Amino acid sequence: MIPFLDVHAAYFELKDDIDKAISRVLESGWYVLGPEVEAFEAEWAEYCGAQNAVGVANGLDALTLALRALDIGAGDEVIVPSNTYIATWLAVSSVGATPVPVEPDAFTYNVDPERIAEAITPKTRALLPVHLYGQPADLDPIMALARAHGLRVIEDAAQAHGARYKGRRIGAHGDIVCWSFYPGKNLGALGDGGAVTTDDAQLAERICGLRNYGSRKKYVNEELGVNSRLDPIQAAVLRVKLKTLDVWTERRQAVAKIYTDGLVDTGLIRPQVPNWADPVWHLYVIRSPGRDALQQSLADEGIGTLIHYPIPPHMQAAYAGQNLTPGALPIARDLASEVLSLPMSPHLSHADAGRVVSGVRKCLLEF
Ligand SMILES: *Cc1c(COP(=O)(O)O)cnc(C)c1O
């Protein structure tokens with residue numbers, strides 16, 4: 001049986017160092033914020049090539065606090081991809097603003113800058129591109145649009161730890177970059193975690209306050225904040241895993257190459273990588289009109305796959321109030337019925353990746 005993802009394996013590879021790091025926190029007596037969180041923030045900022053990092057409780061909060069730090073709220077519009085994980089939209093909705101969806105390029109799966117331009121209105125305050133599946137969105141035209149229209153750029157980098165756009169790591173191209181350390185992400189904690197990175201010291205300071213009851217000095221509350229802090233035990237675990245992140249990314253790239261080469265003449269649509277992108281393969285997503293049958297045959301062969309995502313946000317009951325018909329965003333609707341994520345992790349052996357390729361080829365022959 002080849003699982004879609006085995007998060008356990010990441011722990012066992014680094015067990016000794018992770019156990020030591022956790023003990024260090026337990027013995028330190030610092031159980032909220034403190035030196036472990038500060039050390040991770042410094043290391044994460046440096047890794048991302050950003051001036052500042054602020055640890056928060058999860059990726060959704062990173063996005064929400066980024067929007068709040070930019071004073072985006074009721075009456076404002078934020079442009080989001082139509083085919084993202086729903087958290088991107090939920091963050092916008094949770095501050096009272098309206099997510100305005102824009103369709104992706106159906107081959108890179110990333111938001112199309114030309115369609116962003118068409119969606120800008122006088123109410124637009126920010127652009128919120130997602131580096132979906134670990135591949136950077138085309139940031140230069142997005143930044144140019146933002147400058148031309150006086151908009152802010154918040155990047156959802158929850159799937160893109162270490163990815164590069166035109167040679168430079170994701171982390172400070174836009175105004176604020178938002179990260180998730182959910183266990184299944186490329187850099188994952190042993191529970192929930194998140195962060196923002198930014199070159200703007202004032203925005204970082206503001207988010208430091210917002211994550212801590214709106215307070216930077218104990219019992220002095222400057223604004224209506226929340227409790228959304230990165231846990232020091234998780235920070236200690238992340239510091240250990242960060243040292244291995246690049247090695248794990250290389251292993252993901254090797255698996256992706258096995259898939260890309262092995263599926264070349266199958267008629268399946270494989271992910272397209274623009275020449276300026278260095279993706280980190282959070283997911284390897286293929287497309288097939290016969291997706292459901294393919295997924296079932298692979299399951300029969302003992303190969304686990306997942307669908308990211310089976311129902312696009314605009315077709316969720318949660319967004320019924322936005323009155324978007326399924327056909328209002330046809331690319332997102334169609335991708336949801338065709339995409340399939342093959343097993344992907346730094347702990348998938350090349351032999352197993354080869355078995356996935358043979359499994360897919362065998363299933364296609366049977367149709
Ligand atoms: C995982 C994810 C999030 C949310 O992160 P959490 O830490 O689970 O809250 C947001 N956006 C995208 C694209 C994600 O993949």
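No experiment lies behind these values; they were computed from the predicted model shown. (Residues numbered from 1 in each chain as written. Predicted model: local features only at pLDDT ≥ 70, side-chain atom pairs only at ≥ 80, totals over all residues. Heavy atoms only, no water.)

On to the pattern of salt bridges. Where charged atoms of side chains with opposite charge meet at close range, the side chains can pair. In the structure shown here, the tally under the stated rule is 22 salt bridges. A salt bridge links Arg-239 to Glu-43, with the nearest nitrogen and oxygen atoms 2.8 Å apart. Linking Arg-239 in helix H9 (residues 232-242) with Glu-43 in helix H3 (residues 35-48), this pair joins segments that are 196 residues apart in sequence. Between Glu-223 and Arg-206 there is a salt bridge whose closest N-O contact spans 2.8 Å. (Salt bridge = Lys/Arg side-chain N within 4 Å of Asp/Glu carboxyl O. Helix = DSSP H or I, 4+ residues; strand = E, 2+ residues; numbered from the N terminus.)

Time to look at the site of the ligand. Taken together, the residues surrounding the ligand are Asn-58, Gly-59, Leu-60, Tyr-85, Ala-87, Val-130, Asp-156, Ala-158, Gln-159, Ser-180 and Lys-185. Here an oxygen atom of the ligand sits 2.8 Å away from a polar atom, N or O, in the side chain of Gln-159. For the shell around the ligand, the residue count by class is five nonpolar, four polar and two charged. (Near = heavy atom within 4 Å. Polar contact = N/O pair within 3.5 Å; in protein donor to acceptor, adjacent residues only side chain to side chain. Nonpolar A, V, L, I, M, F, W, Y, C, P; charged D, E, K, R; others polar.)

Of all five residues that make up strand S5 (residues 152-156), four are buried, and the element is covered over most of its length. Sheet topology note: the strand S4 (residues 124-127)/S5 ladder contains two bridges and is parallel. Its bridge partner lying in S5, Ala-126 is registered against Arg-152. Between S4 and its parallel partner S5, the chain crosses via helix H7 (residues 139-149), and the hand of that crossover is right-handed. (Buried < 20%, exposed > 50% of the residue type's maximum accessible area, 1.4 Å probe, protein only. Pairing = 2+ DSSP bridges. Right-handed = clockwise from strand over helix to strand, strands pointing away.)

As a further point, take the domain arrangement of the protein. Segmenting the protein into domains produces domain 1 (8-102 + 109-242) and domain 2 (245-366). Centre-to-centre separation of domain 1 and domain 2, based on C-alpha positions: 25 Å. Taken together, the contact pairs 40 residues of domain 1 with 37 residues of domain 2. Summing the contributions of domain 1 and of domain 2, the shared interface buries around 3,100 Å²; its carbon and sulfur component is 61%. Interface area lost by domain 1 to domain 2 is led by Tyr-109, Tyr-133 and Asn-186, which between them contribute 25%. Where domain 1 packs against domain 2, one counts two salt bridges. For Arg-169, the salt bridge is made with Asp-246, and the minimal N-O distance between the two is 3.3 Å. For the side of domain 1 that touches domain 2, the secondary-structure elements that each account for two or more residues are helix H1 (7-13), H3, helix H5 (86-94), strand S3 (98-102), strand S6 (164-165) and H9. Broken down by element, the residue count for the side of domain 1 that touches domain 2 peaks at four residues, all from H5. Its residues assigned to classes, the side of domain 1 that touches domain 2 shows 20 nonpolar, 12 polar and eight charged. (Domains from an automatic or database assignment. Contact = heavy atoms within 4.5 Å. Buried area = accessible area lost by both parts, 1.4 Å probe.)

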